[in-house]
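# A look at the structure
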Amino acid sequence: APTSGHIAFDGAEVGSSSTTSYWRQVQAVFQDPYASFNQFYTVRRILSNTLRLSTERLSSREREDRLRGGLGAVGLKADEVLTKWPHQLSGGQRQRVMMARALMLRPKLLVADEPTSALDASLRVSVLNLLADLRQQYSMSILFITHDIGQAYYLCDRMLVMYQGELVEQGSVEEVVQNAQHPYTQRLLADVPKLH
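Here's a quick rundown of the structure.

Conventions we followed
- Numbering of residues starts from 1 in each chain and follows the order in which that chain's sequence is written.
- It should be noted that, the model being predicted, local features are given only for residues of pLDDT at least 70 and side-chain atom pairs only at 80 or more, the latter also being counted only at that level, while totals for whole chains, interfaces and linings use all residues.
- As a rule here, side-chain values come from all non-hydrogen atoms in the structure, and water together with hydrogens is ignored.
- The way it works is that DSSP assigns letters per residue, a run of H or I at least four long becomes a helix, a run of E at least two long becomes a strand, and they are numbered from the N terminus.
- Radius of gyration: over C-alpha atoms. The globule rule applied is 2.2 Å multiplied by the number of residues raised to the 0.38 power.
- Throughout this description, buried means an accessible area under 20% of the type-specific maximum (1.4 Å probe, protein chains only), exposed means over 50%, and partly exposed covers the range between.
- The accessible surface values rely on the Shrake-Rupley method and a 1.4 Å probe; as for residues, cover is taken only from the protein chains in view.
- When charges are counted, Lys and Arg contribute as positive and Asp and Glu as negative, whereas His and the chain ends are disregarded.
- All charge positions are set by atom: Lys at NZ, Arg at CZ, Asp at CG, Glu at CD.
- Pairing of aromatic rings covers Phe, Tyr and the six-membered ring of Trp, with a centre-to-centre limit of 6.5 Å; geometry is then stacked below 30 degrees between planes, edge-to-face above 60, and tilted otherwise.
- By arc we mean the arc of the directions from the helix axis to the C-beta atoms, nothing more.
- Note on contacts: a residue pair is in contact if any heavy atoms of the two residues lie within 4.5 Å.
- In this description, strands pair whenever DSSP reports at least two bridges between them.
- As a rule, the C-alpha atoms of each element are fitted with a line to give its axis, helices using only the stretch in contact, and angles between N-to-C directions run from 0 to 180 degrees.

A word on the overall build of the protein. When helices and strands are counted, the protein shows 10 helices and seven strands. Against the compact-globule benchmark of 16 Å for 196 residues, the protein has a radius of gyration of 18 Å, which places it among compact chains. Projected onto its principal axes, the C-alpha positions of the protein cover 55 × 45 × 30 Å. When the 196 residues of the protein are sorted by exposure, 38% land in the buried category. On the protein, roughly 11,600 Å² of surface is accessible, and the fraction owed to carbon and sulfur atoms is 50%. Side chains of the protein carry 21 positive and 20 negative charges; the gap between the two charge centres is 10 Å.

So, about the packing of aromatic side chains. Summed over the entire model, instances satisfying the criterion amount to three aromatic pairs. On the basis of an interplanar angle of 70° and a centroid distance of 5.0 Å, the ring pair of Tyr22 and Trp23 is categorised as edge-to-face. For the pair Tyr163 and Tyr184, a centre-to-centre distance of 4.9 Å together with 35° between the ring planes defines the contact as tilted. On the criterion of sequence distance, the pair formed by Tyr163 in strand S6 (residues 158-163) and Tyr184 in helix H10 (residues 183-190) is long-range, its members being 21 residues apart. On the accessibility criterion, Tyr163 (28% relative accessible area) is partly exposed. Through pairs of rings, three or more aromatic residues link up here, namely Phe9, Tyr22 and Trp23.

Moving on, we come to H10. When H10 is considered as a whole, its buried residues turn out to be Tyr184, Thr185, Leu188 and Leu189. In a view along the axis of H10, the buried residues occupy a sector of 140°, so they form one face of it. On its buried face, H10 sits against helix H8 (149-155), S6, strand S7 (166-172) and helix H9 (173-178).

The next thing to look at is the sheet that holds strand S4 (residues 109-113). Taken in spatial order, the three strands of this open sheet run S3-S4-S5, and their pairing is parallel. Single-partner strands in this sheet number two, and they are strand S3 (26-29) and strand S5 (141-145). Across this sheet, the average inter-strand angle for adjacent strands is 20°, counted without regard to direction. Bridge analysis of S4 against S5 gives five bridges, and the strand direction is parallel. Within S5, the residue paired with Ala112 across the bridge is Phe144. Of the strands in this sheet, S3 and S4 are in contact with helix H6 (residues 91-103), which crosses S3 at around 180°.

In short, geometric facts, not functional conclusions.
Listed below in structure tokens is the structure:
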């Protein structure tokens with residue numbers, strides 16, 4: 001429960017309706033996928049457990065298609081990862097499995113909390129491109145939480161800047177980046193590497 005204020009999604013107070021109903025519509029991709037998975041479950045079991053939230057009655061063939069389709073959507077080959085445990089995957093593969101898990105429910109909102117911070121530079125770009133593609137493909141919104149204003153600029157339409165728990169600046173990405181008013185926003189922009 002929030003310590004103050006309220007949280008609403010799609011016009012309804014979060015917590016007033018069933019938690020299961022909420023999580024069907026809102027999924028998350030976390031900073032550390034390794035800590036998010038049960039290490040004793042294979043990828044198949046992790047993804048299969050997610051389908052328990054679905055209201056759809058899926059045959060075993062449809063469940064299998066959903067698993068394979070989710071992995072395919074994030075650029076993974078099902079035959080290569082379904083039988084593996086999380087520790088057998090690379091960091092980029094674990095992050096993609098987490099995205100596949102979230103996308104299998106066709107959420108309206110994907111909360112991506114620092115989804116690239118544990119990845120090397122080349123994987124960061126591929127994950128950002130993947131998020132941009134999936135946003136279009138699934139017509140969903142993404143709440144992208146990051147300290148990297150360059151990544152936010154690349155992926156987002158609107159930007160909200162928080163400093164010490166307070167919202168200090170907001171607007172379109174172009175407005176915030178080109179006309180930063182708050183010193184914290186200016187510091188974030190100064191940290192973006194520039195090529196000379």
